[in-house]
Each structure stands twice: as structure tokens, then as C-alpha cells.
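Inside the fold
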Amino acid sequence: MLKAVLFDMDGVIVDTEPLHRKAYFLMFSDMNITVSETLYTSFTGQSTLNICKKLVDMFSLTEAPETLVACKRKHFKYLFENDSSLQLLDGVLDLIKDYHANGLTLVLASSASMPNINRIFERFDLNQYFVAKLSGADLKESKPHPEIFIKAAEAAGQDRKNCMVIEDSSNGIKAANDAGIFVVGYDSKHSTDQDYSNANKVVSTFEEIKYTKVTPLFQ
């Protein structure tokens with residue numbers, strides 16, 4: 001029986017990817033490194049710190065990974081506060097309200113930093129629907145490691161077989177798979193070059209996984 005839903009944030013609840021992209025490439029410029037589209041895409045779903053650790057190794061940078069993180073977050077904070085185009089994805093608020101009204105426990109499990117998570121949740125008044133928020137930046141491992149979803153299920157107080165993950169990235173889907181949790185791959189216009197073949201169900205609209213449609217999958 002479905003009892004809890006574990007949401008990714010970027011690409012599922014809100015499309016901050018354009019802002020993150022701008023912030024990352026401003027940071028790359030500050031660090032005088034050239035990152036290809038293929039390399040940038042491969043980072044999708046990973047925490048900023050893990051990405052910056054890889055960049056330091058790949059480009060033999062003398063700066064600490066934490067310096068790159070701070071630089072990227074400085075740019076993102078400015079963009080977040082000055083870009084009025086940032087909105088929730090179509091249909092996701094209705095889906096969240098639908099699940100909440102039907103008694104499902106909702107937990108956020110995002111690779112974003114907690115400050116960024118809190119900015120989004122406060123801006124769109126989402127805290128009232130979720131019992132917990134987990135940031136991959138605060139954990140030992142990053143997606144595609146399953147740690148965040150294992151902990152999210154624990155935060156929901158539910159057995160993993162009674163949980164469902166909603167993800168838009170290859171790394172997030174693998175993390176849910178390895179945690180042994182049913183995963184919905186959200187293939188939207190905002191997602192690029194992601195592999196949904198290992199998702200239990202693939203959808204392009206949230207209407208496809210509203211409460212009455214998704215609960216029969218767990219009976």
C-alpha cells in the first residue's frame with residue numbers, strides 16, 4: 001500500500017535548472033575552466049560539493065572544492081533573488097495537495113543545499129505539506145548512491161515498499177532503484193539527456209500519477 005511519496009525538487013517541483021546552469025557556468029568562468037555540455041549533463045542530480053570535488057580533480061585546480069561551492073552559490077543566490085520567471089512546474093502543486101489531502105506522507109529528498117531548499121519552500125509556501133526535507137549536501141553520499149532515499153523513507157516513518165519516489169534524473173532513478181523503492185520517472189520538457197529506462201513508471205504530466213491513478217499500483 002502506498003503510504004509515502006519522496007519528491008526530488010529540481011526538475012520535479014520547480015525548474016531551477018536554468019538558474020543553476022547560469023550559476024555553474026559563471027563559476028566555471030571564475031575558475032578559468034571549460035566544461036563541456038556532456039560533462040555538465042553527467043552531473044545532473046549530484047550535490048554541488050561532489051560536483052566541485054570532481055572538477056578540482058579533473059582540472060587540477062588549486063582551489064578547495066568548498067571555494068567552488070561558495071562561488072557557485074553566490075551566483076545562484078543573486079539569480080534566485082533577481083529572476084522573477086522562477087515558478088513551480090505545471091501541475092505539481094495540485095499533485096502535492098492531492099497526495100496530502102489523501103493522507104500520504106510527503107518528504108523532500110533533494111541534492112540541493114538546505115538553504116536553496118528552504119528558499120523554494122518559503123517562496124511557494126510548501127512547508128505545510130511536507131513532514132521532512134533532506135538535502136543530499138548534508139549526507140556522506142550523493143545520488144546515484146541510495147542513501148538519501150533510504151533516509152527519506154525513514155523520515156517518512158514507512159517501509160520502503162510503501163514508498164514512491166518521483167525523479168527526473170538518471171542519477172536519481174538509480175538511487176531509488178538501489179534503495180529498493182518504486183520510482184516514477186518524470187520526463188518533462190525541462191529534462192534533457194536523462195535515462196528513464198530503469199523507472200517503474202514514466203510520465204510526462206503529473207495528472208498521470210494523481211492519487212486515484214497511482215495507488216492501484218501498490219495493491
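Structure: see above.
My aim in this report is to walk through the structure given alongside it, one point at a time. Model, not experiment: these values are computed from the prediction.

Definitions and limits used
- Residues numbered from 1 in each chain as written.
- Predicted model: local features only at pLDDT ≥ 70, side-chain atom pairs only at ≥ 80, totals over all residues.
- Heavy atoms only, no water.
- Buried < 20%, exposed > 50% of the residue type's maximum accessible area, 1.4 Å probe, protein only.
- Helix = DSSP H or I, 4+ residues; strand = E, 2+ residues; numbered from the N terminus.
- Pairing = 2+ DSSP bridges.
- Phe/Tyr/Trp six-rings, centres within 6.5 Å; stacked < 30°, edge-to-face > 60°.
- Lys NZ or Arg CZ within 6 Å of the ring centre and 35° of its normal.

Some details on the pairing of strand 2 (residues 105–110)
- Most of strand 2 sits inside the fold, with six of its six residues counted as buried.
- Judged by which residues are buried, strand 2 turns out to be covered on both faces: Thr105, Val107 and Ala109 on one side and Leu106, Leu108 and Ser110 on the other are all buried.
- With four bridges joining them, strand 1 (residues 4–7) and strand 2 adopt parallel strand pairing. Looking at strand 2, one finds that Phe7 is bridged to Leu108.
- As paired strands, strand 2 and strand 3 (residues 132–135) are joined by four bridges and run parallel to one another.

What about the packing of aromatic side chains?
- Going through the model one piece at a time under the given rule, you end up with eleven aromatic pairs.
- Taking 6.2 Å as the distance between ring centres and 55 degrees as the angle between the ring planes, the aromatic pair formed by Phe7 and Tyr99 counts as tilted. On the criterion of sequence distance, the pair formed by Phe7 in strand 1 and Tyr99 in helix 5 (residues 92–101) is long-range, its members being 92 residues apart. Like Phe7, the residue Tyr99 is buried in the burial classification.
- Aromatic pair Phe25 and Tyr40: ring centres 5.2 Å apart, planes at 55 degrees, arrangement tilted. Taken as a pair, Phe25 in helix 1 (residues 17–30) and Tyr40 in helix 2 (residues 37–42) lie far apart in primary sequence, 15 residues in all.
- Residue Phe25 is classed as partly exposed on the basis of its relative accessible area, which comes to 26%.
- The ring of Phe76 carries Lys72 above its face, with NZ or CZ at 5.0 Å from the centroid.
- Note that Arg123 overlies the ring of Phe80, its terminal NZ or CZ placed 5.0 Å from the centroid.

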